[in-house]
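# Descriptive analysis of the structure
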Amino acid sequence: MRFAITMFSLLAIASIIGTVLKQNEPYNNYIIKFGQFWFDIFEKLGMFNVYQAFWFLLILVFLIVSTSLCISRNTPKILKDYKGFQDRIREKSLLSFKHSYQFPVKKFSVKKTISFLKSHNYKVKYKPVEGNGDLIVAKKGDLQKFGYIFTHLAIVIISIGGLLDGNLVFKVQELIGAKQIQLIDQPLSKISLKGRMSEDNLSYRASILLSEGDTKTAAILRAKEGYLVQEIPFSITLKNFNIKHYSTGQPKSFESELLVKDKKTGETINKTISVNKPLTYKGVTIYQAAFEDGGSQLDLLVWDLNSSQPSFKMNSQIFKNNKLTFENQNLTLEFKDFRKFNILEVDENKEKKPKPTNVGPNFLYKVRNESGQAKEYQTYQLPMLIDGKYFFMSGMRNSPQEEFKYLKIPADENLSIEGFMVLKSLLNNPKKVQSAINKGIKTSAFTTSGKKEAFKLGAENIIGAFVGGGYNSVIDAMDLNIPDQASVADKEKAIKTYINIIYLVSQELVRDYQFKNKNDIVFPANDAPRFIQDALTAYSDSFFYGVPLYLELKEFNEVQASGLQLTKSPGQFWVYLGSILLVLGIFCMIYIQEIRLWIFRKKGSNKLIVSLATNRDRIDFDQYAIEFKDKIKKII
């Protein structure tokens with residue numbers, strides 16, 4: 001019994017873990033969430049697929065065997081006791097009961113007593129005791145005994161349902177080498193039989209991603225760090241996918257119009273499914289589980305952040321790769337996802353609390369070099385209002401375990417990125433920079449040509465350091481030119497001077513551009529100084545942006561895909577049935593009270609013995625026994 005209770009406790013804990021921890025996710029998600037150390041421990045314990053873990057299925061087998069033995073051993077006794085009335089009892093035993101009463105009677109009517117007991121829902125049996133008197137045995141609430149059978153039978157049935165929905169068959173096939181988890185992404189047609197589960201697979205929970213107009217004849221079954229192909233007895237075509245949004249941009253509802261065709265008979269079914277409104281066909285239930293991008297087309301402009309080179313166009317598609325040569329490197333751009341709506345907590349103003357805001361489309365991509373190393377980027381199409389200013393946001397991270405670190409590029413007068421790109425191109429044009437420095441010298445207070453030449457040379461070196469590496473490069477250059485014995489205050493003063501020179505040169509570049517392009521207003525007219533400062537900060541930060549290529553999303557053609565979950569669950573019915581039996585069993589054991597009653601009159605005696613017994617002797621039964629004894633006394 002103690003061992004069984006321990007097994008139940010483990011099963012309860014495992015069920016809690018399986019409910020709280022999302023099951024059957026890609027392993028990378030768990031590594032990001034828990035880290036490599038805890039991931040290894042949890043993976044060995046089977047926490048990421050608790051209900052199909054070997055030890056979990058083993059517990060179910062143990063419960064089935066042990067509980068079945070208990071039922072087979074005790075059920076005959078319970079049924080015998082249910083049918084019996086316990087009429088083989090002696091007077092001495094009756095008098096020893098806790099609730100046993102004696103009182104004198106002048107006349108005892110068996111018929112009247114039986115009628116009274118039946119009116120109180122008792123089952124009654126009369127047994128004349130030869131040569132010894134009359135015995136009436138009564139009972140009610142004997143259905144309480146079935147609580148034991150119902151609860152134990154429920155455990156067996158639920159455990160069987162759990163086994164039916166487990167992957168015990170696959171585990172055996174994997175153990176003997178008949179099946180093998182696939183670790184490499186490849187077309188389904190190239191996957192061997194070892195990586196395929198047949199249509200006759202007892203149970204599974206697989207997924208399909210369908211774009212509008214696509215047809216699939218098999219599903220993907222996640223398994224550990226890889227996958228298997230699950231064959232299904234029909235094909236699924238997504239005719240139409242509809243998604244509705246709230247005014248904030250958050251999804252309100254989504255539904256898929258499906259065409260399901262039987263592979264053998266050719267029978268077709270048209271059905272629209274949505275969340276909580278699935279379709280069941282051929283024993284497989286098709287759920288509307290999610291929606292994703294289905295291969296949206298992107299029209300991009302590619303900018304080199306650290307040169308004066310103009311942008312160039314690039315057309316791409318989600319789930320497709322683009323090749324690119326940059327700085328003598330062969331790069332691969334892998335486009336992973338596109339989202340038309342993004343709800344973020346944005347600090348529009350420091351005085352106000354962040355509020356959920358739809359910040360518009362974004363896309364996710366990776367830049368992979370020749371050695372296979374990749375950096376991941378997330379770029380938003382529209383500028384975001386942050387602290388009263390608009391910025392274009394593009395995040396970069398070296399691995400999925402990291403958070404995105406965002407490059408904030410200020411938006412110009414037209415809320416476009418053109419102003420920043422013009423300024424960075426001017427900074428990377430030596431002739432423009434030299435011209436701006438010369439104009440600054442002419443309006444300066446320098447009186448001698450030597451001082452002017454020294455300032456010009458110093459300014460060119462500072463701008464050159466900034467253009468080549470941002471503010472950090474300027475500080476490094478400063479350390480080489482300032483004596484070691486210089487105080488901290490002198491160094492801070494020098495830094496401020498260098499930053500001021502960079503700002504003044506940039507300001508002169510902006511003025512010159514605006515003068516020559518009067519009809520092309522890109523820089524803010526009322527807040528140019530702040531724009532220039534933010535632009536210089538963004539340019540400096542671009543050297544921490546990984547590959548200094550900014551992909552500006554100009555246009556897009558969104559293609560949505562419906563995420564379907566296909567579930568074959570033969571154990572579901574048995575789990576529901578077992579749950580009903582469990583509720584009935586608990587109800588019987590807790591809320592039904594069994595009461596047995598004996599009324600005995602010894603032959604030749606004017607005394608009547610009334611004894612009561614119950615399976616749960618509680619305080620309220622003491623009161624019931626006294627009151628019922630008084631009723632019997634009154635009737636007789």
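Let me begin by describing the structure that accompanies this report. For clarity, every value in this text was computed on a predicted model and none was experimentally measured.

Turning our eyes to something else, we now look at the pattern of salt bridges. Taken as a whole and assessed by the stated rule, the structure comprises 30 salt bridges. Measuring nitrogen to oxygen at the nearest pair gives 3.7 Å for the salt bridge that ties D134 to R601. Of this pair, D134 sits in strand β3 (residues 133-140) while R601 is found in strand β25 (residues 595-602), placing the two residues 467 residues apart along the sequence. Using a relative accessible area of 24% as the deciding quantity, one classes R601 as partly exposed. D262 is the partner of K282 in a salt bridge, and the nearest nitrogen-oxygen pair spans 3.1 Å. Separated by 20 residues along the polypeptide, K282 in the loop between β10 (279-281) and β11 (284-293) and D262 in strand β8 (residues 251-262) bring together distant segments of the chain. Among the residues examined, K282 registers a relative accessible area of 46% and is labelled partly exposed. The exposure class assigned to D262 is buried, which follows from its relative accessible area of 4%.

This next bit is on the nonpolar core. Core analysis: the biggest nonpolar cluster contains 66 residues, and F335, F363, Y550 and L551 have the highest contact counts within it. Grouped together as the second largest cluster of nonpolar side chains are 27 residues, A219, L228, V284 and I286 included.

If you trace the five strands from one edge of the open sheet to the other, you get β1-β26-β25-β3-β2, paired in antiparallel fashion. This sheet does not close on itself; its edge strands, each paired only once, are β1 (99-104) and β2 (123-129). Direction aside, the axes of adjacent strands within the sheet are offset by 15° on average. Where β3 meets β25, eight bridges bridge the pair, whose relative direction is antiparallel. If you follow G133 over to β25, its bridge partner there is K602. This element, helix α14 (residues 619-635), spans β1, β3, β25 and β26 (607-614) of the sheet and lies at about 20° to β1.

Even without being a glycine, Q86 presents a positive backbone phi close to 55°. For Q86, the location among the structural elements is in the loop between α3 (54-83) and α4 (91-95). For Q86, a relative accessible area of 38% puts it in the partly exposed group. Of note, K282 is a non-glycine position whose phi angle comes to about 55°, a positive value.

Turning to the packing of helix α1 (residues 2-20) against α3, a few remarks are in order. At a minimum axis separation of 10 Å, α1 and α3 run at an interaxial angle of 140°. With respect to their mutual orientation, α1 and α3 come out oblique. Here the hand of the crossing between α1 and α3 comes out left-handed. Each of F3, A4, M7, F8, L10, L11 and A14 in α1 lies in contact with α3, whose residues at this interface are W55, F56, I59, L60, F62 and L63.

Before going further, it helps to spend a moment on the packing of aromatic side chains. Aromatic ring pairs are described here by two measures, namely the spacing of the ring centres and the angle between the planes. Under the defined criterion, the tally for this structure stands at 36 aromatic pairs. Seen in terms of ring centroids, F97 and W598 are 5.2 Å apart; in terms of plane orientation they differ by 70°. Their pairing is edge-to-face. With F97 in the loop between α4 and β1 and W598 in strand β25, the pair connects residues that are 501 residues apart, well separated along the chain. On the accessibility criterion, W598 (2% relative accessible area) is buried. Judged by centre distance (5.8 Å) and plane angle (65°), the ring pair of F523 and F531 falls under edge-to-face. One aromatic cluster in this structure is built from Y27, Y30, F34, F37, W38, F39, F42 and F48. Stacked on the ring of F85, the Lys or Arg K139 has its end atom at 4.6 Å from the ring centre. Looking at K629, its charged tip hangs above the ring of Y101, at a distance of 5.1 Å from the centre.

As summarised here, the arrangement of the three strands in space is β13-β12-β23, forming an open sheet in which the pairing is antiparallel. Both edges of this open sheet fall to β13 (312-317) and β23 (549-557), since each of them pairs with a single strand only. Strand after strand, the sheet turns through a mean of 30° between neighbouring axes, direction not considered. Here strand β12 (residues 297-304) pairs with β13 via six bridges, running antiparallel.

Cut-offs and rules
- Residues numbered from 1 in each chain as written.
- Predicted model: local features only at pLDDT ≥ 70, side-chain atom pairs only at ≥ 80, totals over all residues.
- Heavy atoms only, no water.
- Salt bridge = Lys/Arg side-chain N within 4 Å of Asp/Glu carboxyl O.
- Helix = DSSP H or I, 4+ residues; strand = E, 2+ residues; numbered from the N terminus.
- Buried < 20%, exposed > 50% of the residue type's maximum accessible area, 1.4 Å probe, protein only.
- Core = buried A, V, L, I, M, F, W, Y, C linked by side-chain atoms within 4.5 Å.
- Pairing = 2+ DSSP bridges.
- Axes fitted to C-alpha atoms, helices over the stretch in contact; angles between N-to-C directions.
- Contact = heavy atoms within 4.5 Å.
- Parallel < 35°, antiparallel > 145°, perpendicular 65-115°, else oblique.
- Left-handed = near helix turned anticlockwise from the far one by under 90°.
- Phe/Tyr/Trp six-rings, centres within 6.5 Å; stacked < 30°, edge-to-face > 60°.
- Lys NZ or Arg CZ within 6 Å of the ring centre and 35° of its normal.

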